[in-house]
Amino acid sequence: MQTETTIAFHLGAPQTDNEQLTLSIRKDKELMSKHSVLMRRPKEFRGQFSIMLAELDGNQPTVSERDGLLATLLGGAEVKRLIMSNPAFMGVPAWMFYGGNFYGNAGKNTAMIRNLFPDNPCEFFLGIRNPATFIPAVFNSQKDKSFERFIDNADMAMTLWSDVIERIQNANPNCPITVWANEDTPVIWPTVLREVTGMDPDIRLKGELDIIREIISNKGFLMLEEFLKERPRLTEKQRCKVRELFLEKFYLEEAVVETIDLPDWGFETVEALTQIYEDDLETIQNMPNVKFLSIPTY
């Protein structure tokens, strides 16, 4: 068994990059193979995980079960880093307020997937999003529940990502966790990709502009591509600044302005949740053993 293989779990969150992480990393399949990094597509492990977790019912797998699962995932390759992404790792999104708690089972659920490979190093990665837009997006992505049943009497003021992260940490004490805000993703996406894959900061990846290209004009994107191509010696901090400036100038309003349509949610609710989120971001940045990725200051 390859116990030296690091298992990197991307936990989502749902309605953030929408599987773009998998698509962006797999653009560099040859580069990843060269560095012994393997990005598995969700369909290659979700079913197998579900079956094994149901059979284990909270117990750890036997050595032979662990060996068999990892061997299947690695496909015979020598892999230093295995990456898997699933926005349901923390819990099924439609049930994220089950029992009135925001991802109350995040610790338990992440420990279950981590314990599939108890002898391997493990890392978690999580993109978070302002609850003012996150809650409507997740609610509208499911069709089986009314809003009242979806919220399950949860106190919206307690929709704190810091609590979710703390649950994950407590349940997985030896697994580092890297966090970033979805609102920053268009600017810091290259950093996210390199952190998840474990690549050196100076390595350029094909999917670096995948997020920003969806929210700026075609003219702006072509200019951004050319600008960066002509300046290969820019540091990553400088490249971040360039992406930030192009985003400010060429963003598509229809791609960045979100319409929030939920029962009894007015401007005051959105403002209150946004303030709670901004305060929570500060809390997260100061949490021990959390690596927070953010837009560099200048």
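See the structure above.
Residues numbered from 1 in each chain as written. Predicted model: local features only at pLDDT ≥ 70, side-chain atom pairs only at ≥ 80, totals over all residues. Heavy atoms only, no water.

Moving on, we get to the overall build of the protein chain. Along its length, the protein chain carries 13 helices and 6 strands. Relative to the compact-globule value of 19 Å for 298 residues, the protein chain shows a C-alpha radius of gyration of 20 Å, a close match. Projected onto its principal axes, the C-alpha coordinates of the protein chain cover approximately 55 × 50 × 35 Å. The long-range share in the protein chain, meaning contacts at least 24 apart out of those at least 6 apart in sequence, stands at 81%. Carbon and sulfur atoms form 49% of the exposed surface of the protein chain, whose accessible area is close to 14,900 Å². The distance from the centre of the 32 positive side-chain charges to the centre of the 44 negative ones in the protein chain is 9 Å. (Helix = DSSP H or I, 4+ residues; strand = E, 2+ residues; numbered from the N terminus. Rg over C-alpha atoms; globule rule 2.2 N^0.38 Å. Contact = heavy atoms within 4.5 Å. Areas by Shrake-Rupley, 256 points an atom, 1.4 Å probe, with all protein chains shown as cover. Lys, Arg positive; Asp, Glu negative; His and termini not counted. Charge placed at Lys NZ, Arg CZ, Asp CG, Glu CD.)

Looking now at the sheet that holds strand β5 (residues 177–181). The strands making up a sheet are joined through hydrogen bonds of the backbone, oriented either antiparallel or parallel. What the 6 strands build is an open sheet, ordered β2-β3-β1-β4-β5-β6; its pairing is parallel. The outermost strands of the open sheet, each flanked by one partner alone, are β2 (37–39) and β6 (290–293). Along the sheet, successive strands turn relative to each other by an average axial angle of 20°, direction set aside. (Pairing = 2+ DSSP bridges. Axes fitted to C-alpha atoms, helices over the stretch in contact; angles between N-to-C directions.)

Attention now moves to the pattern of salt bridges. Working definition: two side chains of opposite charge can pair if their charged atoms are close together. With the rule as written, the count across this model stands at 15 salt bridges. One salt bridge in this structure joins Arg239 and Glu208, with 3.8 Å as the shortest N-O distance. Linking Arg239 in helix α11 (residues 236–250) with Glu208 in the loop between α9 (185–197) and α10 (218–229), this pair joins segments that are 31 residues apart in sequence. For Arg239, a relative accessible area of 7% translates into the label buried. When its relative accessible area of 4% is taken as the criterion, Glu208 is described as buried. (Salt bridge = Lys/Arg side-chain N within 4 Å of Asp/Glu carboxyl O. Buried < 20%, exposed > 50% of the residue type's maximum accessible area, 1.4 Å probe, protein only.)

Take a negative patch on the surface next. Taken together, the side chains of Glu268, Glu271, Glu278, Asp279 and Glu282 define an acidic patch exposed on the protein surface. The exposure class of Asp279 is partly exposed, given its relative accessible area of 41%. (Patch = residues over 30% accessible without salt bridge, like charges linked within 9 Å, V, L, I, M, F, W, Y side chains within 5 Å.)

Turning to unusual backbone geometry, a few remarks are in order. With the exception of glycine, the majority of residues adopt a negative phi angle, and the majority of peptide bonds are in the trans configuration. With an omega of 10°, the peptide bond between Gly12 and Ala13 qualifies as cis. As for its placement among the helices and strands, Ala13 is situated in the loop between β1 (6–10) and α1 (20–26). You will see that Tyr103, though not glycine, has its phi angle at about 45°, which is positive. Among the structural elements, Tyr103 can be located in the loop between β3 (81–85) and α5 (106–114). For Asn153, which is not a glycine, the phi torsion comes out positive at approximately 65°. Inspection of the secondary structure assignment puts Asn153 in the loop between α7 (147–151) and α8 (161–171). Classification of Asn153 as exposed rests on a relative accessible area of 75%.

Now for a nonpolar patch on the surface. There is a patch of nonpolar side chains on the surface, built from Val92, Trp95 and Tyr98 and spanning about 350 Å² of accessible area. Take Tyr98: it is sitting in the loop between β3 and α5. Of the residues examined, Tyr98 reaches a relative accessible area of 52% and is grouped as exposed.

Looking at where Tyr251 falls in the secondary structure, it is placed in the loop between α11 and α12 (253–256). Relative accessible area serves as the criterion here: at 44%, Tyr251 is assigned to the partly exposed category. In this view, Tyr251 contacts Ile215, Ile216, Phe246 and Val256; residues no more than four positions away in its chain are not counted.

For the rest of this paragraph, the subject is α8. Along α8, the residues classified as buried are Trp161, Ser162, Val164, Ile165, Ile168 and Gln169. Angularly, the buried residues of α8 cover 160° about the axis, an arc narrow enough to put them on a single face. (Arc of directions from axis to C-beta.)

For the structure shown, the criterion picks out 21 aromatic pairs. Judged by centre distance (5.8 Å) and plane angle (80°), the rings of Phe97 and Phe150 are edge-to-face. Residue Phe97 is located in the loop between β3 and α5, and its partner Phe150 is located in helix α7; the two are separated by 53 residues in the primary sequence. With respect to class, Phe97 is no different from Phe150; both count as buried. Ring geometry for Phe102 versus Trp161: centroids 4.8 Å apart, planes at 75°, classification edge-to-face. Of the two residues, Phe102 is situated in the loop between β3 and α5 and Trp161 in helix α8; the sequence distance between them amounts to 59 residues. There is no split in this pair, since Phe102 and Trp161 are both buried. Every member of this aromatic cluster is reached through a ring pair, and the members are Phe97, Phe102, Tyr103, Phe134, Phe139, Phe147, Phe150, Trp161 and Trp265. Here the guanidinium or amino end of Lys145 rests over the ring plane of Trp95, the centre of that ring lying 3.1 Å away. One Lys or Arg, Arg231, reaches over the ring of Phe227 and ends 3.6 Å from the middle of that ring. (Phe/Tyr/Trp six-rings, centres within 6.5 Å; stacked < 30°, edge-to-face > 60°. Lys NZ or Arg CZ within 6 Å of the ring centre and 35° of its normal.)

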